Each structure stands twice: as C-alpha cells, then as structure tokens.
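One-letter residues, chain by chain:
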Amino acid sequence: MAKSAAIDKTILAGVKEKIQRGLLPQWAFTDDEIYQAEVEQIFAKTWNFLGHESEIEQPGDYVTRWIVNDPVLLLRDENCQIQAYLNSCTHRGTKLCTADFGQKKAFTCPYHGWTFNLAGDLIGIVAGNRVYGEEMDRSRWSLRKIPKVSSYCGMIFGSLNEHAEPLEDFLGDMKWYFDIMLGRSDAGMEVRGVPQNGLSTQIGKSVQITLAEIHIIQR
C-alpha cells in the first residue's frame, strides 16, 4: 500500500457523534479513505473467515478465498493438517490456483510451470537446472504461509498478522452464538453446495465472514 490512510479528525468526530445517536452517514459506506483505513486497521491486523473444515476433509482438498486483496489457498496437506498460503507463485506473483475448489497433489503455476506440493515446497521447475543452475536453493522459494490459522466449531480463520491475539480471545462473546448455531450436532456440521463468492458481512468485533453462499447444515 502506497500510503497509510488518514481520515480528517473533524470529519471523524462528526461521524462518531452521529453513531452515538444511532445514525451513520451514507457516504461512510463508499468513502475510499474509510475503506483504506478498514483494510489497514482491521482486516490486515485481525482474523478473517476463510472456510469450513468440511470443505477440505481429505488430503489434497482445497478452496481458494480472499482476505481483502490477498488471494488465499486453503487446503489439507498429506498429514491431514490445515494449511493456508498466499495463492501466489513465489516466482513472478502469478495466481497459482485459479479454480474455486478441487483436489490436487500439487499446484503448478500457469506462467512458468513452477510446481509446489501440499506442504508449500517448491518441487519442480521446468528446465530448472539449465535456467537457474544446480546451486538454486529451492527451500527459499516455498509458498508464503498465512501467518496465523485457527479453527472454531469447524470454522477456519486466518490472519495476516503474526501477532494477532488468539482466535478464541478475538471471538469473545461471539463464541456463544457459534456454539448454538454450529455445535448442535455431535457429528458436527458440514458445508453443502458450491460456494458463490463475493458477498461479505461483518459480525462481532469486525469478524469478516465471506458468505461465499456456503450452506452449513447438520450431518
């Protein structure tokens, strides 16, 4: 981001005064400075909803999501652990996976053919030795992990901030509602249907739920 968003203090004071009266100016929903401030002060620092564990039940299962402008590749690795990476090839930054969901053993960049396994390791380069030489240290070119990933009631959250508070602390009293909605079945809940990306909302302490039209039902 080129510069930090700054909102005029007089305007901000006016907005706060109206909020105290239960009002919010319409322009606040579309103001570029407010949007940039939200990106920097909320979404870049806190937890964002990425998906549900039932969407990636088996090793190799994956879905692609977003944290504002950052594409995310969410998957189960060969050890059945949840992993989240920036969905961006470490070579030239091309989006690594363009599908919304699926199952793969490895991901190959469509630009120059760099291939990464489920652990994010660079395992293949087309004509690699001839182009880069045998001395290339592939371990330095692994996929970049989302700094923090955690789950609650099967819901997977990620944060771009390695110093973000623990997820359960962040959710606070919102956990009570999640327990009611998602903890009703001993067998757990699962997502049904194909996600329709694009719709988002905020709950609690600005928890962003990308309601990719995911329908969570009782097993």
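In case you missed it, the structure is sitting above this.
Please read all numbers here as calculations on a predicted model, not as lab measurements. (Residues numbered from 1 in each chain as written. Predicted model: local features only at pLDDT ≥ 70, side-chain atom pairs only at ≥ 80, totals over all residues. Heavy atoms only, no water.)

Turning to the sheet that holds strand β8 (residues 122-124), a few remarks are in order. Reading across the sheet, the three strands line up as β6-β7-β8 and stay open at both edges, with antiparallel pairing between neighbours. Edge positions in the open sheet fall to β6 (106-108) and β8, since each of these has one partner strand only. On average, each strand axis in the sheet is tilted by 35 degrees relative to the strand beside it, whichever way the strands run. (Pairing = 2+ DSSP bridges. Helix = DSSP H or I, 4+ residues; strand = E, 2+ residues; numbered from the N terminus. Axes fitted to C-alpha atoms, helices over the stretch in contact; angles between N-to-C directions.)

This next bit is on the nonpolar core. Counting residues in hydrophobic clusters, the biggest one holds 16 residues, and the most contacted among them are Leu73, Leu75, Leu96, Phe107, Trp114 and Phe116. When near neighbours in sequence (up to four residues on either side) are disregarded, leucine 73 contacts Tyr62, Val63, Thr64, Gln83, Ala84, Tyr85, Asn87, Leu96, Cys97 and Phe107. (Core = buried A, V, L, I, M, F, W, Y, C linked by side-chain atoms within 4.5 Å. Buried < 20%, exposed > 50% of the residue type's maximum accessible area, 1.4 Å probe, protein only. Contact = heavy atoms within 4.5 Å.)

One pass over the full model with this rule turns up four aromatic pairs. An angle of 70 degrees between the planes, with centres 5.7 Å apart, marks the rings of phenylalanine 49 and phenylalanine 157 as edge-to-face. Within this pair, whereas phenylalanine 49 is found in strand β1 (residues 47-52), its partner phenylalanine 157 is found in strand β10 (residues 155-159), the two being separated by 108 residues in sequence. Centre to centre, the rings of tryptophan 114 and tryptophan 141 are 5.5 Å apart; their planes meet at 80 degrees, and the pair counts as edge-to-face. Within this pair, whereas tryptophan 114 is found in the loop between β6 and β7 (115-117), its partner tryptophan 141 is found in the loop between α3 (128-132) and β9 (148-152), the two being separated by 27 residues in sequence. (Phe/Tyr/Trp six-rings, centres within 6.5 Å; stacked < 30°, edge-to-face > 60°.)

Looking now at unusual backbone geometry. Most peptide bonds adopt trans geometry, and most residues besides glycine take a negative phi value. Positive phi outside glycine occurs at valine 68, with the angle close to 55 degrees. Within the secondary structure layout, valine 68 lies in the loop between β2 (61-67) and β3 (70-76). Among the residues examined, valine 68 registers a relative accessible area of 23% and is labelled partly exposed. Notably, cysteine 80 is not glycine yet its phi reads approximately 65 degrees, a positive angle. Mapped onto the secondary structure, cysteine 80 falls in the loop between β3 and β4 (82-86). Accessibility expressed as a relative area gives 33% for cysteine 80, which makes it partly exposed.

Any link to function would need more than the numbers given here.
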